[in-house]
Amino acid sequence: MSETPLWLQGRTAVIDAADSSAWRDGTTPDYHLSHSVMPGQRSTQHAPDSLEAIVESIVQVFEMEVSYKKDPATWVSMVTEHFRTNVNGGPWASAQDIVDIGSYNILIGDSPFYRSGQESFESSHHIFHKAFPGGFYWEVLEVISPPPVVTFKWRHWGAFEGEYHGHQPDGKTIEMFGISVAKVSDDLKLLEVEHYYDPNQFLGKLTGGCPVAH
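Residues numbered from 1 in each chain as written. Predicted model: local features only at pLDDT ≥ 70, side-chain atom pairs only at ≥ 80, totals over all residues. Heavy atoms only, no water.

Undergrad: Account for the sheet that holds strand β3 (residues 136-145), with residues named and values stated.
TA: Spatially, β2-β1-β6-β5-β4-β3 is the arrangement adopted by the 6 strands of the open sheet, whose pairing is mixed. At either margin of the open sheet sits one strand with a lone partner, and together these are β2 (93-94) and β3. Here strand β5 (residues 173-184) pairs with strand β6 (residues 190-196) via 6 bridges, running antiparallel. Bridging across to β6, lysine 183 finds its partner in glutamate 192. Strands β3 and β5 of the sheet are contacted by helix α8 (residues 199-206), whose axis makes an angle of about 155° with β5. (Pairing = 2+ DSSP bridges. Helix = DSSP H or I, 4+ residues; strand = E, 2+ residues; numbered from the N terminus. Contact = heavy atoms within 4.5 Å. Axes fitted to C-alpha atoms, helices over the stretch in contact; angles between N-to-C directions.)

Undergrad: If you had to explain the pattern of salt bridges to someone new, which residues and values would you point to?
TA: Opposite charge on two side chains lets them pair, provided their charged atoms get close. In the structure shown here, the tally under the stated rule is 11 salt bridges. Across the pair arginine 42 and glutamate 56 runs a salt bridge whose closest N-O atoms are separated by 2.8 Å. Of the two residues, arginine 42 is situated in the loop between α3 (38-41) and α4 (51-68) and glutamate 56 in helix α4; the sequence distance between them amounts to 14 residues. Glutamate 56 matches arginine 42 in its accessibility class, with the two residues each being buried. Residue glutamate 192 is joined to arginine 84 by a salt bridge in which the shortest nitrogen-to-oxygen separation is 3.0 Å. A residue pair is termed long-range when its members are at least 10 positions apart, and glutamate 192 in strand β6 and arginine 84 in strand β1 (residues 84-87) qualify at 108 residues. A relative accessible area of 33% places arginine 84 in the partly exposed class. In the salt-bridge network here, residues are joined through shared partners; they are Arg42, Glu56, Glu139, Arg155 and Glu175. (Salt bridge = Lys/Arg side-chain N within 4 Å of Asp/Glu carboxyl O. Buried < 20%, exposed > 50% of the residue type's maximum accessible area, 1.4 Å probe, protein only.)

Undergrad: Hey, could you go over the environment of histidine 46 for me, with residue numbers and the actual values?
TA: Along the polypeptide, histidine 46 turns up in the loop between α3 and α4. Relative accessible area serves as the criterion here: at 23%, histidine 46 is assigned to the partly exposed category. Placed 95 residues apart in sequence, histidine 46 and leucine 141 show a C-alpha to C-alpha distance of 9.1 Å. Polar side-chain contacts of histidine 46 include one of 2.7 Å to the backbone oxygen of valine 140. (Polar contact = N/O pair within 3.5 Å; in protein donor to acceptor, adjacent residues only side chain to side chain.)

Undergrad: Summarise the nonpolar core; cite the residues concerned and give the values.
TA: The biggest cluster of nonpolar side chains holds 41 residues, and the ones touching the most others in it are Phe128, Phe152, Tyr164, Leu190, Phe202, Leu203 and Leu206. The greatest single-element share of this core, amounting to 5 residues, is contributed by α4. Other than its neighbours up to four places away in sequence, phenylalanine 202 contacts Phe128, Phe132, Phe136, Ile174 and Met176. Ranked by size, the runner-up nonpolar core spans 10 residues in total, among them Trp7, Ala22, Trp23 and Met64. (Core = buried A, V, L, I, M, F, W, Y, C linked by side-chain atoms within 4.5 Å.)

Undergrad: Give me empty space enclosed by the protein: which residues, what numbers.
TA: As enumerated under the stated definition, the model contains 1 cavity of 30 Å³ or more in all. Computed from the structure, the largest cavity encloses a volume of approximately 100 Å³. Around the largest cavity, the lining residues are Leu51, Ile54, Val55, Ile58, Val59, Pro147, Val150, Phe152, Ala182, Val184, Leu188 and Leu190. Counting only elements with at least two residues in the lining of the largest cavity, the list comes to α4, β4 (149-159) and β5. Partitioned by chemical class, the residues of the lining of the largest cavity number 12 nonpolar, no polar and no charged. (1 Å grid on protein atoms, 1.4 Å probe; cavity = no way out; pocket = protein on both sides within 12 Å on 5 of 7 lines; lining within 4 Å. Points joined across faces, edges and corners; volume = space filled by probe spheres on them. Nonpolar A, V, L, I, M, F, W, Y, C, P; charged D, E, K, R; others polar.)

Undergrad: Break down helix α7 (residues 121-131) for me, citing the residues and quoting the values.
TA: Where α7 is concerned, the buried positions are Phe121, Ser124, His125, Ile127, Phe128 and Ala131. Buried residues in α7, looked at end-on, bunch into an arc of 150°, giving them a common side. (Arc of directions from axis to C-beta.)

Undergrad: Talk me through the pairing of β1; I want residue IDs and the actual numbers.
TA: In this structure, β1 lies alongside β2, joined through 2 bridges in antiparallel fashion. By the bridge assignment for β2, threonine 85 is matched with alanine 93. Two elements, β1 and β6, share 4 bridges in a ladder whose sense is parallel. Within β6, the position partnered with valine 87 by the bridge is histidine 195.

Take a look at the structure:
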């Protein structure tokens, strides 16, 4: 019998353990593309028990929970009452801020290519699901420092095959790279996460370098 805490058992285990009432739209999230497509597009392969694999799994659980679970009290990937996150040294956001504002809006912030102040949680997710209908994947490239302050490099990618704010897709794979610094508890729950990356470099590729008209 596994003694591994639920949040370290992987995204599928956390989804299976959740009550049906936990989901934002009443539908259990579907990650079949991550199992069928993503393995062939990865740039890294990590041993199952490596720190890289563990960090990647924790972030996958976190991403799933903030995207699909409507109540932060049900999020097992973090110490919810203490959790906070920011991007490029900007203002801190709590777990409740993620629910109220939207994870994409917080992670992207103000940009000439994206109207964060005009998008809801739901509309922001729809925009990127539409632009990347074949999936928008994420992997850990390298873990630079171990717990309790985990610094890691990552890659986010997908094929631009759907419309983005009126800009037509070119089918090309778009990549972005960044570094995150996560403070974790003794049992590897997230306490604080700082992200460092250039969202405009990524968004500019969706718009041909032309800022979205407001």
